[in-house]
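Residue strings, one per chain:
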Protein chains: 2
Amino acid sequence: MLSSEQDKRHRMAPPPKPQTMKERILETADKLFYLKGIRAIGVDTIAAEIGISKRTLYNHFPSKDALIAAYLERRFVSARPSDKPPAEQILATFDSLERRFAAKDFRGCPFVNAVAELGPADRAVKKIAIAFKESRRLWFRERLTELGVRDAEALATQLVLLVDGSIAQDLVRDDPAMARAAKEAAKVLLRNAGVDVGGDAVKQVKGRKRAPQ
Amino acid sequence: MLSSEQDKRHRMAPPPKPQTMKERILETADKLFYLKGIRAIGVDTIAAEIGISKRTLYNHFPSKDALIAAYLERRFVSARPSDKPPAEQILATFDSLERRFAAKDFRGCPFVNAVAELGPADRAVKKIAIAFKESRRLWFRERLTELGVRDAEALATQLVLLVDGSIAQDLVRDDPAMARAAKEAAKVLLRNAGVDVGGDAVKQVKGRKRAPQ
DNA sequence: GCCTAAGTAAACAGGTCTGTGTAACCAAAA
DNA sequence: TTTTGGTTACACAGACCTGTTTACTTAGGC
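Trainee: I tried to follow the overall build of chain A on my own but got confused; where do I start?
Mentor: Secondary structure summary: chain A contains nine helices and zero strands in total. Ordered by position from the N terminus, the helices and strands of chain A form the series α-α-α-α-α-α-α-α-α. Intrachain contacts of chain A at a sequence separation of at least 6 include 64% that bridge at least 24 residues. Per element, the accessible surface of chain A, about 11900 Å² overall, is 50% carbon and sulfur.

Trainee: What is the right way to read the packing of helix α8 (residues 152-173) of chain A against helix α9 (residues 152-173) of chain B from this model?
Mentor: When two helices pack together, their arrangement is given by the angle between the helix axes and the distance between those axes. Remark: α8 of chain A packs on α9 of chain B, axes separated minimally by 7 Å, with the N-to-C direction vectors making an angle of 95 degrees. Here α8 of chain A is positioned roughly perpendicular relative to α9 of chain B, judged by the angle of their axes. Counted together, Val160, Leu161, Leu162, Asp164, Gly165, Ser166, Ala168 and Gln169 of chain A of α8 of chain A and Val160, Leu161, Leu162, Asp164, Gly165, Ser166, Ala168 and Gln169 of chain B of α9 of chain B form the full contact between these two elements. Of the residues belonging to the contact of α8 of chain A with α9 of chain B, the class tally is eight nonpolar, six polar and two charged.

Trainee: Is there a simple way to explain the interface of chain A and chain B in this structure?
Mentor: How big an interface is tends to be reported as the loss of accessible area on association of its parts. Taken residue by residue, the interface counts 39 residues in chain A and 39 residues in chain B. On the chain A side of the contact with chain B, Leu161, Val172 and Arg173 of chain A bury the most area, a combined 18% of that side's loss. Ionic pairing is found between Arg173 of chain A and Glu134 of chain B, a salt bridge with its closest N-O pair at 2.7 Å. Seen at the junction of chain A and chain B, the total is eight residue pairs in polar contact (both at pLDDT 80 or more). Here the side of chain A that touches chain B is composed, by residue class, of 20 nonpolar, eight polar and eleven charged.

Trainee: Mind showing me how you'd approach the packing of aromatic side chains here?
Mentor: In this description, an aromatic ring pair is defined by two values, namely the gap between the centres and the angle between the planes. For the structure on display, the rule yields twelve aromatic pairs over all chains. With a centroid separation of 6.3 Å and 75 degrees between ring planes, the pair formed by Phe76 of chain B and Phe111 of chain B is classed as edge-to-face. Here Phe111 of chain B lies in helix α7 (residues 110-118) and Phe76 of chain B lies in the loop between α5 (64-75) and α6 (86-102), a separation of 35 residues in the sequence. Residue Phe76 of chain B is classed as partly exposed on the basis of its relative accessible area of 27%. For the pair Trp139 of chain B and Phe140 of chain B, a centre-to-centre distance of 5.3 Å together with 75 degrees between the ring planes defines the contact as edge-to-face. Each member of the pair, Trp139 of chain B together with Phe140 of chain B, is buried. Ring pairs connect the aromatic residues Phe76, Phe111 and Phe132 of chain A, which therefore count as one cluster. One residue, Lys22 of chain B, lies across the ring of Phe61 of chain B, its end atom 5.4 Å from the ring centre.

Trainee: Got a minute to help me understand the nonpolar core in this structure?
Mentor: What tends to happen in soluble globular proteins is that the nonpolar side chains get buried as a cluster. With 130 residues, the main nonpolar core has Leu144 and Leu162 of chain A together with Leu144 and Leu162 of chain B as its most contacted residues. When residues no more than four places from it in sequence are discounted, the contact partners of Leu144 of chain B are Ile90, Val149, Ala152, Leu155, Ala156, Leu159 and Leu190 of chain B.

Trainee: How should the relation of the copies chain A and chain B be read in this particular structure?
Mentor: Rotating chain A by 180 degrees and translating it 0.0 Å along the rotation axis places it on chain B, where the RMSD comes to 0.1 Å. Such a turn and shift between the copies fits a two-fold axis. Closest approach to the rotation axis among the C-alpha atoms of chain A is made by Gly165 of chain A, whose C-alpha sits 1.7 Å away. Of the interface residues in chain A, 100% have counterparts in chain B that sit at the interface too, so the contact is made through matching surfaces.

Trainee: It is not clear to me how unusual backbone geometry should be interpreted in this structure. Could you clarify?
Mentor: Most peptide bonds adopt trans geometry, and most residues besides glycine take a negative phi value. Phi at Asp174 of chain A takes a positive value of approximately 55 degrees, unusual for a residue other than glycine. Looking at where Asp174 of chain A falls in the secondary structure, it is placed in the loop between α8 and α9 (177-192).

Trainee: Please clarify how helix α10 (residues 177-192) of chain B should be interpreted in this entry.
Mentor: Each full turn of the α-helix corresponds to 3.6 residues, which orients residues three or four apart in the same direction. When the terminal C-alpha atoms of α10 of chain B are compared, their 23 Å separation across 16 residues agrees well with the 22 Å that a helix rising 1.5 Å per residue should span. Inspection of α10 of chain B places Met178, Ala179, Ala181, Ala182, Lys183, Ala185, Ala186, Val188, Leu189, Leu190 and Arg191 of chain B among the buried residues, and these make up the whole buried set. In this fold, the buried residues of α10 of chain B make contact with α8 and α9 of chain A together with α6, α8 (123-146) and α9 of chain B. Just past α10 of chain B, the residue Gly194 of chain B takes up positive phi, approximately 90 degrees.

Trainee: Which parts of the structure should I look at to understand empty space enclosed by the protein?
Mentor: If a probe as big as a water molecule is rolled over the atoms, it shows which places are left empty. Inspection of every chain in the model, using the stated rule, returns four cavities of 30 Å³ or more. If you add up the space inside the largest cavity, you get close to 70 Å³. Forming the walls of the largest cavity are Gly108, Cys109, Val112, Asn113, Asp164, Ile167, Ala168 and Leu171 of chain A together with Val112 and Ala168 of chain B. Of all elements in the fold, only α6 (110-118) and α8 of chain A reach the threshold of two or more residues within the lining of the largest cavity. The leading source of residues in the lining of the largest cavity is α8 of chain A, at four residues. Tallied by class, the residues present in the lining of the largest cavity amount to seven nonpolar, two polar and one charged. Its volume calculated, the second largest cavity comes out at about 50 Å³. In this structure, the second largest cavity is lined by Val112 and Ala168 of chain A together with Cys109, Val112, Asn113, Lys133, Asp164, Ile167, Ala168 and Leu171 of chain B. For the lining of the second largest cavity, the elements supplying multiple residues, two or more each, are α7 and α9 of chain B.

Trainee: Teacher, can you tell me more about the protein's contact with DNA strand D here?
Mentor: The local shell around DNA strand D holds 17 residues, among which Thr56 of chain A together with Asp44, Lys54, Arg55 and Lys64 of chain B are the closest. Sugar and phosphate atoms form 49% of the subset of DNA strand D atoms that lie within 4 Å of the protein. Taking Ser53 of chain A, its main chain carries an N or O atom lying 3.2 Å from a phosphate oxygen of DNA strand D. One of the side-chain nitrogen or oxygen atoms of Lys54 of chain B is found 2.3 Å away from a base oxygen of DNA strand D. For the surface near DNA strand D, the secondary structure elements donating two or more residues are α3 (54-60) of chain A together with α3 (43-50) and α4 (54-60) of chain B. At four residues, α3 of chain A tops the list of elements feeding residues into the surface near DNA strand D. Counted by class, the surface near DNA strand D contains five nonpolar, seven polar and five charged residues.

Parameters and conventions
Residues numbered from 1 in each chain as written. Chains lettered and ligands numbered in written order. Predicted model: local features only at pLDDT ≥ 70, side-chain atom pairs only at ≥ 80, totals over all residues. Heavy atoms only, no water. Helix = DSSP H or I, 4+ residues; strand = E, 2+ residues; numbered from the N terminus. Contact = heavy atoms within 4.5 Å. Areas by Shrake-Rupley, 256 points an atom, 1.4 Å probe, with all protein chains shown as cover. Axes fitted to C-alpha atoms, helices over the stretch in contact; angles between N-to-C directions. Parallel < 35°, antiparallel > 145°, perpendicular 65-115°, else oblique. Nonpolar A, V, L, I, M, F, W, Y, C, P; charged D, E, K, R; others polar. Buried area = accessible area lost by both parts, 1.4 Å probe. Salt bridge = Lys/Arg side-chain N within 4 Å of Asp/Glu carboxyl O. Polar contact = N/O pair within 3.5 Å; in protein donor to acceptor, adjacent residues only side chain to side chain. Phe/Tyr/Trp six-rings, centres within 6.5 Å; stacked < 30°, edge-to-face > 60°. Buried < 20%, exposed > 50% of the residue type's maximum accessible area, 1.4 Å probe, protein only. Lys NZ or Arg CZ within 6 Å of the ring centre and 35° of its normal. Core = buried A, V, L, I, M, F, W, Y, C linked by side-chain atoms within 4.5 Å. Least-squares fit on C-alpha atoms with pLDDT ≥ 70 in both. Expected span 1.5 Å × (residues − 1). 1 Å grid on protein atoms, 1.4 Å probe; cavity = no way out; pocket = protein on both sides within 12 Å on 5 of 7 lines; lining within 4 Å. Points joined across faces, edges and corners; volume = space filled by probe spheres on them. Near = heavy atom within 4 Å.

Any functional reading would require information beyond the geometric quantities listed.
Encoded structure:
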C-alpha cells in the first residue's frame, strides 16, 4: 500500500534535534561552567537545563571530571587561517578581544578560571590550560617570524602577557577599554621591534619591506 | 616537627600576645584560601588546622562570607613608601613579582582568583577586587606623573596589564620568567614614553631629568 | 571562693554535591 | 511479535558543607 504517513527516514525537519545528545550536554555544560563557574554548577543543574535526566548525562560522560575535560577541550579551538598580513592579524587579535569583552557573557579565560577554581592539584586541567596558552604564544611567534622580527620568541611572550593581562583586568573591572590599552601597548612593542604598524615612524626595519596592507 | 618554637609562640603567650585568636584564624584562612581555593576549603578545615573548635571560629566571624571578606581585605596591603627614583620603583615591581613567582606557594592573584571562583554575582568580592586593581594602577600613575610622563593614565593601565598578564601566565605555566618578560616590555613602554630606564638611547625626554640614583 | 568570658567537644539540622540503582517507558529493529 | 537500547523518574548512598545547639571545661579578675 502507499504509505499515508511520510517516509519515516526523512520524516521530521532537523530544527528540534539538529545535534546529538552528547553535543547538547557539552554545549549546555560549556555555557553554565563558563558563566557560573565549574564548582558552582552541579550535574543536576546541567541535566535540568537540557531537560534530561541525570542518568542520561552519566550515560554519556562517566564523571563530572570527564565533562570538565571535554568542556575545556571544546574551548580549545585553533585559530582559523587568515590571508591578512601578519601585523594586521596580530593587532586584530586585540580588536577581537575588545568585542568579546563588550559581550555581557564574557567571563575571562576559561582555562585560567579553571586552574584558579580547581587548583594546581588538578593535573589534567592544568595540562590543557598550559597547552592552550602555549598554542597562542606560538601563533604570535609564527606571525612575528613572518615579519622578520629578530627575537620573535620574546616578543610573542610579551604579546601574550598583554592578552592575558587585559582579560584578567576585564574580568574584574568589566572594562572593554582594557583591550584597546593592550592594543596600544602591542603597537609600541611591535614598532620597537621594527614592525610597521602605521601611524608613526619606525626606527629601523629589517631589510625586507612590506607593502602596507 | 620543625615548629617547636613556633608552637611556643602560640601557646605560651607573653602578656602582650603576639597575635590574637582572630589574627590566628585570619592567618590560617589566608594560607588555605589562597593555596587551595576559597570554595575548596571549609570552615572545619580552617578550625582543625589551628586546633580550635568550629564554634570558636564562628565566635570571631559571623559567617564564612565575612571570613572571605576579611581575608581579601587583609591581602589588600598598600605599598610601603620608597625613596628610590620612580622609574626604579616601577621596574622593581617586576623583580618583586619574579621573586614571588619563584616561591612555591605562589598561586596567582588572590583577587582575580576570588572573582573567578565566586563569580560576578558576589558583589562584595568583586568590589574589593576592583579597588585593589585600581589602587595598583594609581600607584603606577603616581610614579609616572612624577617622571613627567605625558599620558600617565594610559601608560599606567598598560603596565598593569603586564603585571596581571604575567601573573596569569605564571599561574598556569609556573614560569617565573614571565615576570622578566613583563619587565622587558615595561622598559620598552617606558622608554617610548620618554623615561630613561638605562641601557638605551631615549627618543625624547620631558624637560625634567632625573639623576640615575 | 565566685563569676564571667572564652574555649572545647560533639552532635545535629538542613542543605548540596557526585554517582548509582531500579523499574518503567517507548521507539525502532529483527 | 520479541528484543534491544536509549531514555525517564525517582530514590538512595555517602560525603561534605555551613551554621547552631548543648553541655562541659578552664582561666582570670573581683
